[in-house]
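Listed here are the chains, written in short residue letters.
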Amino acid sequence: MRKIRIYSLALVALLLAQALSAQNKIVVFQSDFGLKDGAVSAMKGVANGVSTDLRLYDLTHEIPAYNIWEAAFRLEQTVPYWPEGTVFVSVVDPGVGTSRKSVVLKTRKGHFLVTPDNGTLTLIAASEGIAEVREIDEAVNRRKGSGKSYTFHGRDVYAYTGARLASGAITFDQVGPLLPATVVKLPFQQAVREGKTLRGNIPILDIQYGNVWTNIGAALLEELRPQFGDMLEVTFYHRQQQVATIQAPYSETFGAVAEGKPLAYLNSLMQLSFALNMGNFAEAYHIGSGSDWSVAVTLLPRQN
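Residues numbered from 1 in each chain as written. Predicted model: local features only at pLDDT ≥ 70, side-chain atom pairs only at ≥ 80, totals over all residues. Heavy atoms only, no water.

### So, the confidence of the model for the protein
Step number 1: Per-residue pLDDT for the protein has a mean of 92; in total, 91% of the residues score no lower than 70.
Step number 2: Overall, residues 17-21 carries pLDDT values under 50, and its contacts beyond four positions in sequence, including any with other chains, amount to three contacts. (pLDDT = per-residue confidence, 0-100. Contact = heavy atoms within 4.5 Å.)

As C-alpha cells, this is what we get:
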C-alpha cells in the first residue's frame, strides 16, 4: 500500500511538472495602444508583479486603433517563430467591457494566446489549429483591486492572466472553464484556385515600402506552374468592387524589372505579393488591406 501511495504521489508530481513546463516564462505583448503613454508599461508592470523571472517582449503596439483584422494578421505572421509554450497577450479590444469573452487559446503547437474573442484569433486558429479554448475566470485571474475598472482589461485581466500562465503560477486548466474549440471569425476571401484563376485576400501592406501582400501561398501559386518572367494579371477588389487591374512579371528579385515597374514575387512568408521596384505599389494603384480587400490572379499565356 505504501509503495502504491508513493507511486501515486510521484505520478501526480510528474504530471504537475509537465503541466508547468508547458509554459516557458516568455510573454509577448501586442496592442493598439502605441507608446506615447504608460499603458504598455503598466501591462509589463503587472506581469513583473506576478514574477520577475518572466521575459517580456513586444510584438507590436502600432496596430491601427481598433483594427482587429491587423491584430489577427500580426499574430499569424509572428507566433510560429516563437518557442512552444510562449504566451501572447494581444489587446485590440474596441468592445472592452461588453459581453465579448476573454479567452486563452492553446494552439496545437503549444502556444498560448490571451485575448478578447472578437476576431483576433481568426487567422491563427486556422493556420496553427486549436487544441483548447478556455474562458478567463475573472474571479480568480484578475489583478487584485481592479474589479471596478471596466476599460483596461489589457492590464487588469490579460496581462495578469498571461503572466500567471507563463510563470507557472497557474496551469492552463486553471485559466477558467473549457469552451468549445471555436472562436469568433472575421469573414475574408480564402486563398483558392478556380480553374486558371487564383483568388485571395490582401491581409496586409508592407507599409514601409507599399508592397501589397496576399494570402495566396507558394504551393497554390505553383499549381499554375509559372516560370520567372511569365506575366500575371491581377485584379484588386474592395468590397467586391474592382479597384485596379495590372499585369506584372513573376520575378525572383525586385531588380528583375526596371525602376518604377511592377512585379509579382513571393514575400518572406512565401505568399504572392506585388510591388513597384523602388516605388510604392499600394499608393500608385490606391490599394488597401483588410478582410474586405481581395484579388483575382491569372497566369497569362506566354508570348512566342
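### Overview of the packing of helix H2 (residues 39-50) against helix H5 (residues 153-167)
Step number 1: Contact pair H2 / H5: the axes reach a minimum separation of 8 Å and the direction vectors enclose 40°. When the axes of H2 and H5 are compared, the pair comes out oblique. Where H2 crosses over H5, the two elements pack in a sense that is right-handed. Two secondary-structure elements touch here, H2 through Ala42, Met43, Val46, Ala47 and Val50 and H5 through Gly154, Arg155, Ala159, Tyr160, Ala163, Arg164 and Ser167.
Step number 2: The residue makeup of the contact of H2 with H5, split by class, is eight nonpolar, two polar and two charged. (Axes fitted to C-alpha atoms, helices over the stretch in contact; angles between N-to-C directions. Helix = DSSP H or I, 4+ residues; strand = E, 2+ residues; numbered from the N terminus. Parallel < 35°, antiparallel > 145°, perpendicular 65-115°, else oblique. Left-handed = near helix turned anticlockwise from the far one by under 90°. Nonpolar A, V, L, I, M, F, W, Y, C, P; charged D, E, K, R; others polar.)

### A short note on the packing of aromatic side chains
Step number 1: Per the stated rule, a full pass over the model turns up eleven aromatic pairs.
Step number 2: Ring geometry for phenylalanine 254 against tyrosine 265: centres 4.9 Å apart, planes inclined by 55°, an arrangement best described as tilted. Here phenylalanine 254, found in the loop between strand S13 (241-249) and strand S14 (262-266), pairs with tyrosine 265, found in strand S14; they are eleven residues apart in sequence, far enough to count as distant.
Step number 3: Using a relative accessible area of 35% as the deciding quantity, one classes phenylalanine 254 as partly exposed.
Step number 4: Put simply, the rings of Phe236, Phe274, Phe281 and Tyr285 touch in pairs and so form one group of aromatic residues.
Step number 5: Taking the ring centre of phenylalanine 172 as reference, the NZ or CZ of arginine 134 above it sits at 5.6 Å. (Phe/Tyr/Trp six-rings, centres within 6.5 Å; stacked < 30°, edge-to-face > 60°. Buried < 20%, exposed > 50% of the residue type's maximum accessible area, 1.4 Å probe, protein only. Lys NZ or Arg CZ within 6 Å of the ring centre and 35° of its normal.)

### Comments concerning the side chain of glutamate 128
Step number 1: Note that glutamate 128 resides in helix H4 (residues 122-128).
Step number 2: Judged by relative accessible area, which is 8%, glutamate 128 ranks as buried.
Step number 3: Those residues within four positions of glutamate 128 in sequence are excluded, and the remaining contacts are Pro80, Thr107, Arg108, Lys109 and His111.

### Examining the sheet that holds strand S3 (residues 87-91)
Step number 1: Taken in spatial order, the seven strands of this open sheet run S2-S1-S3-S5-S4-S6-S7, and their pairing is mixed. The two strands at the open ends of the sheet, each matched to only one other strand, are strand S2 (55-60) and strand S7 (178-179).
Step number 2: Direction of pairing for S3 relative to strand S5 (residues 112-116): parallel, over a ladder of three bridges. Across the sheet, the residue bridging to valine 87 is phenylalanine 112, located in S5.
Step number 3: Against the sheet, H2 touches strand S1 (26-31), S2 and S3, its axis set at about 150° to S2.
Step number 4: Strand contacts of helix H3 (residues 68-78): S1, S2, S3 and S5, with the helix running at about 125° to S2, the strand carrying the most contacts. (Pairing = 2+ DSSP bridges.)

### A closer look at the pattern of salt bridges
Step number 1: Under the counting rule described, the total for this entry stands at 13 salt bridges.
Step number 2: Lysine 44 is the salt-bridge partner of aspartate 58, the closest N and O atoms lying 2.8 Å from each other. A residue pair is termed long-range when its members are at least 10 positions apart, and aspartate 58 in strand S2 and lysine 44 in helix H2 qualify at 14 residues.
Step number 3: Between glutamate 138 and arginine 142 there is a salt bridge whose closest N-O contact spans 2.9 Å.
Step number 4: A residue is classified by how much of its surface remains accessible, and arginine 142, at 13% relative accessible area, is buried. (Salt bridge = Lys/Arg side-chain N within 4 Å of Asp/Glu carboxyl O.)

### Things to note about the pairing of S14
Two faces make up the sheet, and in a regular strand the side chains alternate between them.
Step number 1: Across the five residues of S14, four count as buried, placing the element largely inside the fold.
Step number 2: Note: S14 against strand S15 (residues 271-276), five bridges, orientation antiparallel. Bridge pairing in S15 links alanine 264 to phenylalanine 274.
Step number 3: Taking the residues between adjacent antiparallel strands as the criterion, S14 and S15 are bridged by four residues, where methionine 270 takes a positive phi near 60°.

### Comments concerning the environment of glycine 176
Step number 1: Summarising the element assignment, glycine 176 is placed in the loop between H5 and S7.
Step number 2: Glycine 176 sits 41 residues away from glutamate 135 along the chain, and the two C-alpha atoms are 5.3 Å apart.
Step number 3: In this structure, glycine 176 is in contact with Arg134, Glu135 and Asp137, ignoring residues within four places of it in sequence.

### Let's talk about the sheet that holds strand S11 (residues 211-217)
Step number 1: Overall, antiparallel pairing links the four strands, which are arranged S10-S11-S15-S14 in an open sheet. The strands lining the two open edges of the sheet, one partner per strand, are strand S10 (204-206) and S14. If you compare each strand with its neighbour and ignore which way they point, the axes differ by 30° on average.
Step number 2: Sheet strands touched by H3: S10 and S11. Its angle to S10, the strand with the most contacts, is close to 65°.

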